[in-house]
Amino acid sequence: MEVFSKSDVGLVRTQNQDDFRFGIISPSCVWAVVCDGMGGANGGNIASAAAVDYISTKITDLYKSDMTKEQIGELMAEIVSMANNKIFKLASDDPELAGMGTTCEFVFVKDTTVHVVHIGDSRTYAIRGGKIKQLTEDHSVVQEMVRRGELTYEEAQRHPNKNFITRALGIKSSVRLDYIEANFIYGDVLLICSDGLSNHVTTGEMVKICHENRGDDLINKLIDCAKEGGGTDNITATVIY
């Protein structure tokens, strides 16, 4: 397996509050994390950096090669929950950081299994053949309206409140996480991204770019496409294949 990742400030923002990291444990075992911070002049980038640093350190220290699938999922959820506590404490101790938080996509792939711990509106997609599946569901006001049948998917994409999220790391002392498990086979591409990408790149464009490119070219094309679509937010993309 290979992993490629990049973050870009975009065309409008002056500061990049996204953060990311990845690790290759073995040829058949990799992990990646993407976080999109929010809150205050400096709070967003502090929250995302703290989450990425903590998660990266803990998965490196605590993962053991003999862990079962269940143990990997439990470890990932525990690490992200502890990252939430760390960010919440940072915000509680510094009034200038009050209310800061971050989304989190934490993905671990071992052999034929993808594990995802998800919170917020960053996303993880799986591309297989010519089809793309969004593995995660946004924790957002607009997504809840879609679930209730008040908006169509297309209407949600254009809704003015689409960036209002309902869950994030660091906002409260405890957090409710989503855990998703999926199959991974040779030829699959996993795309992990902040909403700066998913808001400006259609799923059709994602599939096309991922099929026609590899490595750094693939990541650069995705980010260029988001910029061509507006580039109104920070853009982060990670691919695993």
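Residues numbered from 1 in each chain as written. Predicted model: local features only at pLDDT ≥ 70, side-chain atom pairs only at ≥ 80, totals over all residues. Heavy atoms only, no water.

**With respect to the sheet that holds strand β8 (residues 131-134)**
Our working definition: Whether two strands pair depends on DSSP finding at least two bridges between them. Secondary structure elements follow DSSP: runs of H or I of four or more residues count as helices, runs of E of two or more count as strands, with numbering from the N terminus. Each axis is a line fitted through C-alpha atoms, taken for helices only over the stretch in contact, and angles between the N-to-C directions span 0 to 180 degrees. Residues are treated as being in contact if the distance between any of their heavy atoms lies within 4.5 Å.
An order of β1-β11-β10-β7-β8 is seen for the 5 strands of this open sheet, with the pairing classed as antiparallel. The sheet terminates laterally at β1 (3-8) and β8, the two strands that pair on one side only. Within this sheet the neighbouring strands show an average axis-to-axis angle of 15°, counted without direction. Of the pairings in the sheet, the one linking β1 to strand β11 (residues 235-240) comprises 6 bridges and is antiparallel in character. Within β11, the residue paired with S7 across the bridge is T236. Sitting on the sheet, helix α6 (residues 203-212) touches β7 (123-128), β8 and β10 (189-193), and the angle it makes with β7 is about 60°. Each of β1, β10 and β11 touches helix α7 (residues 215-228); the most contacted strand, β1, lies at about 30° to it.

**A few points about the packing of α6 against α7**
Using the following cut-off: The scheme is simple: roughly parallel for angles under 35 degrees, roughly antiparallel for over 145, roughly perpendicular for 65 to 115, oblique for anything else. Two helices crossing with the near one rotated counterclockwise from the far one by less than a right angle form a left-handed crossing, whereas a clockwise rotation gives a right-handed crossing.
Packing of α6 against α7 brings their axes to within 9 Å, and their N-to-C directions diverge by 155°. By the criterion of interaxial angle, the relationship of α6 to α7 is roughly antiparallel. The handedness of the crossing between α6 and α7 comes out as right-handed. Residue-level inspection shows E205, M206, I209 and C210 of α6 in contact with α7, the latter providing L218, K221, L222 and C225.

**What to know about the pattern of salt bridges**
Opposite charge on two side chains makes pairing possible when the charged atoms of those side chains draw close. This is how it is decided: Salt bridges are identified by distance alone: a Lys or Arg side-chain nitrogen within 4 Å of an Asp or Glu carboxyl oxygen. Per-residue accessibility, obtained with a 1.4 Å probe over protein chains only, is compared with the maximum for each type, and a residue is labelled buried under 20%, exposed over 50%, and partly exposed between these values.
With the rule as written, the count across this model stands at 11 salt bridges. Measuring nitrogen to oxygen at the nearest pair gives 4.0 Å for the salt bridge that ties E181 to K69. Taken together, the residues span a long stretch of sequence, with E181 in strand β9 (residues 178-183) and K69 in helix α2 (residues 69-93) at a distance of 112 residues. Residue class for E181 comes out partly exposed when judged on its relative accessible area of 40%. Since its relative accessible area comes to 39%, K69 is described here as partly exposed. A salt bridge links R148 to E150; its shortest N-O distance comes to 2.8 Å.

**Some remarks on the side chain of T136**
Let me state the cut-off plainly: By the criterion applied in these results, polar contacts are pairs of N or O atoms within 3.5 Å in which, for protein atoms, one can donate a hydrogen and the other can accept it, and in which residues neighboring in sequence qualify only through two side-chain atoms.
Relative to the elements of secondary structure, T136 occurs in the loop between β8 and α3 (141-147). A relative accessible area of 4% places T136 in the buried class. Of note is the side chain of T136, whose polar atom sits 3.2 Å from the backbone nitrogen of T124. Beyond its immediate chain neighbours, meaning those up to four positions away, T136 contacts E105, V116, H118, S122, R123, T124 and I180.

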